[in-house]
Structures are given as structure tokens and as C-alpha cells.
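So you can see what is in the structure, the chains are spelled out below.
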Amino acid sequence: MTLTPALAAESHGESDRELVLLARGGDRSALSMLTVRHRRSAYLLALQLMGNPDDALDATQDALIKFCIHLERFDAERPLKPWLYSIVRNRCRDLLRRRRVRRAEPIDSDEDHWRPELVDESADPHADLERSRLRRRVWEALGELAPDHREILVLRDYQDLSYSEISDLLGVPQGTVMSRLHRARKYLANQLEPS
Amino acid sequence: MTTTCQSGFDEVLLSGYIDGELAQGERQRIDVHVDQCAHCSSLLSSLRDVRDIARGTAFKVPSDEMWRETARTPPSRWLRQIGWIITSLFAVALTSIVTYEVVTSPEPWWVRLTVFAALSGVGLLFVSVLMDRLHDRHHDRYRRVLK
């Protein structure tokens, strides 16, 4: 097998920056490696924002295409993931908006569309039954949140981004990140309480 | 759970506290308050539960095979757009020819009308799909914008 610069970069665990520079130089395998490396996290973000695997896959594909087309604009000295996440997030918001306009649904009505797509990884189904139920309940309640609150909770609790990263990504102050996150968590906590 | 802390404490800080996003002085202030306030202590525990449950959630992801099947690269998208343009031109030409033939055909009027209605139905369905696609493209706010 011929070791292309991209394969060499990948085999040496090179950074995104290395692959971005190779891709900009016309190395298609570097571009392919970048998309393969990041498509899983992009898909998960789309799934967590949209709540539906089919829409998430569409949004991810669209976002990755934009990512490839506009890679020239990207500052290779900056981390790649926030930029990709901003593309995915914008695409998801756009698709959600279109879907609501088409169906003339209220802005917060997602119930029919929000489908759990979780994995139960427990080796002991009895021991983790309650935990699994709670995860599903939190996931379902996430679909009931307003989009602004949902995306912050997803970025923090599902994607593990810091307040600073979320603030940069969404263009809101860190105080706003904290207050929206708090309201979202409090709503979910109330949903978990026994009725 | 009551809705707010009765002492007027800003409970929004509790989320910053469990995320480790507060300065040391604020953390110490919250430690002291939570020791004294049952509401905030309970809320802090509930918020931690929500965070831990969310973090422990695993999701199904598409297999490599599924990614390959649904792969849409820029060339494939361009080819699809060219295909749409050619198909649209063909549809316009075909519509013109069929209309001319129906109008000038020696067949009885009801035969011509039936053929025309059937073809019009197919044509309208095609146009409606085409219009949806053009509308989507036109209203894609992010077609040039990434951030």
C-alpha cells in the first residue's frame, strides 16, 4: 500500500491542523479522513439537537458537505470541532425551522418527531433498569425544551463543552449559558420527580 | 421541590458550581449556603443527577456501511443538480409537444381530453416536487454562511 501524506499523518496520529493543510493542498484522502474522523461526533450532536436519527443523518451529511466546500475559509490554527459544531448546529436549526413552517406546528412542539435512539449497554439488565429508565425519561424531556435551552444542555451535558466553548459557539455571554443551562436542568429534574 | 430558594440566593450559580465553572470564592459561598439551605441542597443533588444521567447516555450511531450508502459528496450533488436541470428542460419540451399533439390530433375530443388530463396530472406532480426543491434552495439561509 502506498503511504500518502494523509495516511502518514493519520497513522502518526497527526492533528486536525495537519490534515486540514493537506486537504487544502488538494489531498482528497486527507479530506476524507477529516470527515470520517469527525462525522460520528457531528452526527451525535445533530441527533441530540433534532431527536430523530433520519433528520440527524441528513443534517450531518449537509453539514459535512459545507465543511468540505468551505474548508478554505477555516483558520487551521484554531480547533476544528467548534467550527464543525457551528455548521452542524446551524444546519439543524435551519431544518427544524423549515419543518415547523411546513407543518405549521407551534415552535416547541416536537413530541411526534422526537424519537429515542438510545443504547442500553448494561451487562446486568436488572441492576441498570432504573438507570436506563431515567436516561430515557431525560432524553424524552429534552425534546420538550425550547430549542435555545436544549442546545445548551446538549452542548454541556451530552457533548461536554465548557461554558467558554459554548459561549463562543452560540455567541452568547457565559452568564446566559449558565442561566439557560440551569433552567433546562431544573426542568428535567422536575420531570424526573415522582408525580 | 419548591420553585425558588426562600433566602433569595441566586440558584443559577448551582449549575456553574457542579460544572466547576465558578471562582473559588463563589464555590465557598455556595458550600456554606448549601449546608444551611435544604431547598438548594436538594436542588443541587437533582441537578447533579440530571447531568450524570445525560452524560451516561449512549446513542446508536450509523454504521460505516450506512455512511457509505448515504454519502453525498459535492460532485454527486452537482451531478444531481445538472440532472434536475436537464430533466426540467426535457419536461418543458415534452409538455409542449404533447400539448401540440393533443390540440391538433384527429382523435375524438374526449380521448384527447382524457390523455391531456392524465399527462397534466403527472406534470403537475413533477412541477410541485421541483418547486419544493427550488424553494428549499432559495430559502437556505446558510448556503453561503457557515457561522
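Note that the coordinates shown come from a computational prediction; the quantities given were computed from them, not determined experimentally. (Residues numbered from 1 in each chain as written. Chains lettered and ligands numbered in written order. Predicted model: local features only at pLDDT ≥ 70, side-chain atom pairs only at ≥ 80, totals over all residues. Heavy atoms only, no water.)

Observations concerning the overall build of chain A
The test is simple: Each helix is a run of H or I in the DSSP string that is no shorter than four residues. Each strand is a run of E no shorter than two, and both are numbered from the N terminus. In this scheme, a residue with accessible area under 20% of its type's maximum is buried, one over 50% is exposed, and one in between is partly exposed, where area comes from a 1.4 Å probe on protein chains only. For this analysis, residues touch if any pair of their heavy atoms sits within 4.5 Å. Calculation of accessible area relied on Shrake-Rupley with a 1.4 Å probe; when residues are assessed, cover is drawn exclusively from the protein chains displayed.
In terms of regular secondary structure, chain A is built from 9 helices and 1 strand. Reading chain A from its N end, one meets helices and strands in the order α-α-α-α-α-β-α-α-α-α. Of all 195 residues assigned to chain A, the portion counted as buried reaches 53%. Across chain A, every contact between residues at least 6 apart in sequence was considered, and the portion connecting residues at least 24 apart equals 60%. Only carbon and sulfur atoms are counted for the fraction: they give 50% of the accessible area of chain A, which is about 9,300 Å².

Here's the deal with the overall build of chain B
From N to C terminus, chain B includes 6 helices and 1 strand. The buried share of chain B, reckoned over its 147 residues, is 26%. For chain B, long-range pairs separated by at least 24 residues make up 57% of all intrachain contacts whose partners lie at least 6 apart in sequence. Per element, the accessible surface of chain B, about 10,100 Å² overall, is 62% carbon and sulfur.

Describing the packing of helix α2 (residues 16-24) of chain A against helix α3 (residues 28-50) of chain A
All names here are of chain A. Heads up, the condition is: Lines fitted to the C-alpha atoms define the axes, with helices restricted to the stretch that makes contact. Angles between their N-to-C directions range from 0 to 180 degrees. Comment on the angle field: the value is read as roughly parallel under 35 degrees, roughly antiparallel over 145, roughly perpendicular from 65 to 115, and oblique elsewhere. Crossings are sorted by hand: turned counterclockwise from the far helix by less than a right angle, the near helix makes the crossing left-handed, and turned clockwise it makes it right-handed.
Orientation of α2 relative to α3, taken along the N-to-C sense of each, is 140 degrees, at an axis distance of 8 Å. Classified by the angle between their axes, α2 and α3 sit oblique to one another. Two packed elements cross with a definite hand, and for α2 against α3 that hand is left-handed. Between α2, through Asp-16, Leu-19, Val-20, Leu-22 and Ala-23, and α3, the contact on the second element is made entirely by Ala-30, Leu-31, Met-33, Leu-34, Arg-37 and His-38.

Focus: the nonpolar core
For clarity, the threshold we go by: Think of a nonpolar core as a cluster: buried Ala, Val, Leu, Ile, Met, Phe, Trp, Tyr and Cys residues, connected wherever their side-chain atoms sit within 4.5 Å.
Core analysis: the largest hydrophobic core is formed by 76 residues, its most contacted members being Tyr158(A) and Leu14(B). The greatest single-element share of this core, amounting to 11 residues, is contributed by α3(A). Once residues lying within four places of it in the same chain are set aside, the contact partners of Leu14(B) are Phe9(B), Ile30(B), Val34(B), Cys40(B), Leu43(B), Leu44(B) and Leu47(B).

Digging into the confidence of the model for chain A
Just so we agree on the cut-off: The predictor's confidence in any single residue is recorded as pLDDT, a number from 0 to 100.
Within chain A, residue pLDDT values average 81, and 78% of them lie at 70 or more. Here residues 102-111 of chain A is modelled with pLDDT under 50, and outside its nearest four sequence neighbours on either side it reaches 11 contacts, counting other chains as well.

Let's talk about the confidence of the model for chain B
Summary statistics for chain B give a mean pLDDT of 80 and a share of 82% for residues scoring 70 or more. Confidence drops under pLDDT 50 across residues 140-147 of chain B; counting only partners more than four residues distant or on other chains, this segment forms 26 contacts.

Some words on the environment of Ser120(B)
Residues and elements named next belong to chain B. With respect to the element layout, Ser-120 can be found in helix α6 (residues 109-138). The exposure class assigned to Ser-120 is partly exposed, which follows from its relative accessible area of 26%. Each C-alpha atom of the pair Ser-120 and Val-98 lies 9.9 Å from the other, and the pair is 22 residues apart in sequence.

Observations regarding the environment of Arg55(B)
You can see Arg55(B) is positioned in helix α3 (residues 38-55). The class of Arg55(B) is partly exposed, set by a relative accessible area of 37%. Aside from chain neighbours lying at most four places away, what touches Arg55(B) is Arg156(A), Asp157(A) and Asp160(A).

Here's the deal with the packing of helix α9 (residues 174-192) of chain A against α3(B)
Interaxial distance between α9(A) and α3(B) falls to 9 Å at its minimum, and their mutual angle equals 90 degrees. Judged by the inter-axis angle, α9(A) sits roughly perpendicular to α3(B). Here His182(A), Arg185(A), Lys186(A), Leu188(A), Ala189(A) and Leu192(A) of α9(A) come into contact with α3(B), specifically with Leu43(B), Ser46(B), Leu47(B), Val50(B), Arg51(B) and Ile53(B).

Let's talk about the packing of aromatic side chains
Residue and element names in this part refer to chain A. Defined as follows: Working definition: a ring pair exists when centres of Phe, Tyr or Trp rings (six-membered ring for Trp) sit within 6.5 Å. Plane angles under 30 degrees give stacked, over 60 give edge-to-face, the rest tilted.
A full pass over the atoms with the stated rule returns 5 aromatic pairs over all chains. When the centroid spacing of 5.5 Å and the interplanar angle of 45 degrees are considered together, the rings of Phe-67 and Trp-83 count as tilted. Of the two residues, Phe-67 is situated in helix α4 (residues 53-69) and Trp-83 in helix α5 (residues 80-103); the sequence distance between them amounts to 16 residues. A relative accessible area of 1% places Phe-67 in the buried class. Residue classification places Trp-83 among the buried positions, given a relative accessible area of 6%. Seen from their ring centres, Trp-139 and Tyr-158 are 6.1 Å apart, and the 70 degrees between their planes marks the pair as edge-to-face. Of this pair, Trp-139 sits in helix α6 (residues 129-142) while Tyr-158 sits in helix α7 (residues 147-158), and the two are 19 residues apart along the sequence. The class for Tyr-158 is buried, based on a relative accessible area of 12%. An aromatic cluster of at least three residues, connected via ring pairs, comprises Phe-67, Phe-74 and Trp-83.

With respect to the side chain of Thr60(A)
All names here are of chain A. Going by this rule: Whenever two N or O atoms come within 3.5 Å, that pair is a polar contact, provided that in protein one can donate a hydrogen and the other can accept it, and provided that, for residues adjacent in sequence, both atoms are side-chain atoms.
Turning to its location among the elements, Thr-60 is positioned in helix α4. The exposure class assigned to Thr-60 is buried, which follows from its relative accessible area of 0%. In terms of polar contacts, Thr-60 uses its side chain to reach the backbone carbonyl oxygen of Ala-56, at 2.6 Å.

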